[in-house]
Amino acid sequence: MKLLLTSGGVTNPTIRRALVDLLGKPVEECHALVIPTAQWGHPMCGPPSVRGLVAADDGWEHLTGLGWASLGVLELTALPSIGAERWVPWVRDADVLLVDGGDATYLAHWVRESGLADLLPSVPATVWVGVSAGSMVMAPRIGDLFVEWPGAPDDRALGAVDFAIFPHLDAFPTNTLADAERWAAGLDVPSYAIDEQTAITVVDGAIEVVSEGRWFHFEP
């Protein structure tokens, strides 16, 4: 898939241009599915935050509120019980998957359990837009700092890319550059610390940072 991995969504014109380039057409002509699943695995999320995401309330204008031609919900935990013959066409018909934050290990678990992981290689034209955990899930590891789901066996994620992501740089007291450096030192893969004005695109293995803010790259 074509990946747009963000910390806070499509927060500035530079990231939006990158999104449109990946889509190949205006946002207003694209059909989107939003995946809220990661929220259920994080203790700070729940019904009100999922509702805000799905309804594109204030605060979610950088993901579900971008002006999509249509917006549907794909809840991964439901997919194993309804059969692939129903949900696979939904994914194939979508231009973009909007994957929200929460706990990345919980999200990785359900991307696999739902069968979505097996389907993704067959939809190369679809764009994956991640926010926070929705971006981190593509990494080999997320670091113990970001594991909030009690059921996680370790910090491993999907490994679709070969680098890790530290999101929300400078957005919280525990997300400083010093925190990111300590986090990166505990990983055995390259990593990026990105703020809310930064995104990483990945197309056919080519990585590009698009930013109007601050970001840092760390080698293991």
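Please read these numbers as outputs of a predicted model, since none were measured by experiment.

Calculation notes
- Residues numbered from 1 in each chain as written.
- Predicted model: local features only at pLDDT ≥ 70, side-chain atom pairs only at ≥ 80, totals over all residues.
- Heavy atoms only, no water.
- Buried < 20%, exposed > 50% of the residue type's maximum accessible area, 1.4 Å probe, protein only.
- Helix = DSSP H or I, 4+ residues; strand = E, 2+ residues; numbered from the N terminus.
- Pairing = 2+ DSSP bridges.
- Right-handed = clockwise from strand over helix to strand, strands pointing away.
- Axes fitted to C-alpha atoms, helices over the stretch in contact; angles between N-to-C directions.
- 1 Å grid on protein atoms, 1.4 Å probe; cavity = no way out; pocket = protein on both sides within 12 Å on 5 of 7 lines; lining within 4 Å.
- Points joined across faces, edges and corners; volume = space filled by probe spheres on them.
- Nonpolar A, V, L, I, M, F, W, Y, C, P; charged D, E, K, R; others polar.
- Core = buried A, V, L, I, M, F, W, Y, C linked by side-chain atoms within 4.5 Å.
- Contact = heavy atoms within 4.5 Å.

**Some remarks on the pairing of strand 7 (residues 191-194)**
Looking along a regular strand, one sees side chains alternate from face to face of the sheet. Where burial is concerned, the two faces of strand 7 agree: the one with Ser 191 and Ala 193 and the one with Tyr 192 and Ile 194 are both buried. The sheet contact formed by strand 6 (residues 164-166) and strand 7 spans three bridges and is parallel. In the strand pairing of strand 7, Phe 166 is matched with Ala 193. Regarding topology, helix 7 (residues 177-185) serves as the crossover connection from strand 6 to the parallel strand 7, and that connection is right-handed. In this structure, strand 7 lies alongside strand 10 (residues 215-218), joined through four bridges in antiparallel fashion. Paired with Ser 191 across the two strands is Phe 218, which belongs to strand 10.

**Side note on the sheet that holds strand 8 (residues 198-203)**
As summarised here, the arrangement of the seven strands in space is 3-2-4-5-1-8-9, forming an open sheet in which the pairing is mixed. In this open sheet, the two strands that pair with only one neighbour each are strand 3 (70-73) and strand 9 (206-211). Neighbour-to-neighbour, the strand axes of the sheet open up by a mean angle of 20°, direction not taken into account.

**Some details on the layout of surface pockets**
A volume near 950 Å³ is recorded for the largest pocket. Every residue lining the largest pocket is counted, 32 residues in all, and those nearest its centre are His 42, Gly 102, Ser 132, His 168 and Phe 172. A per-class count over the lining of the largest pocket returns 15 nonpolar, 14 polar and three charged. The calculated volume of the second largest pocket comes to roughly 320 Å³. Surrounding the second largest pocket, 16 residues form its lining, Met 1, Leu 3, Leu 120, Met 138 and Ala 160 being those nearest its centre. At the level of secondary structure, the elements contributing two or more residues to the lining of the second largest pocket comprise strand 1 (2-6) and strand 8.

**Overview of the nonpolar core**
By size, the foremost hydrophobic cluster in this structure holds 52 residues, and its most contacted members are Leu 5, Leu 76, Leu 116 and Trp 128. The element best represented in this core is helix 4 (residues 104-114), accounting for six residues. In contact with Leu 116, other than residues within four places in its own chain, are Ile 35, Leu 76, Trp 87, Val 91, Val 111 and Trp 128. If you look at the next biggest cluster of nonpolar residues, it comprises 22 residues, including Ala 18, Leu 23, Ala 32 and Val 131.

**Regarding the pairing of strand 8**
Strand 8 sits mainly inside the fold: five of its six residues count as buried. The sheet contact formed by strand 1 and strand 8 spans four bridges and is antiparallel. Looking across to strand 8, one finds that Leu 3 is bridged to Val 202. Bridge count for strand 8 against strand 9 is six bridges, and the pairing is antiparallel. Each residue of the ladder has a partner; that of Val 202, found in strand 9, is Ile 207. In sequence, strand 8 turns back onto strand 9 through a hairpin of two residues, with Asp 204 there showing a positive phi of about 50°.

**Topic: the environment of Met 44**
With respect to the helices and strands, Met 44 occurs in the loop between strand 2 (31-35) and helix 2 (47-54). The exposure class of Met 44 is exposed, given its relative accessible area of 74%. Between the C-alpha atom of Met 44 and that of Glu 29, which follows or precedes it by 15 residues, the distance is 34 Å.

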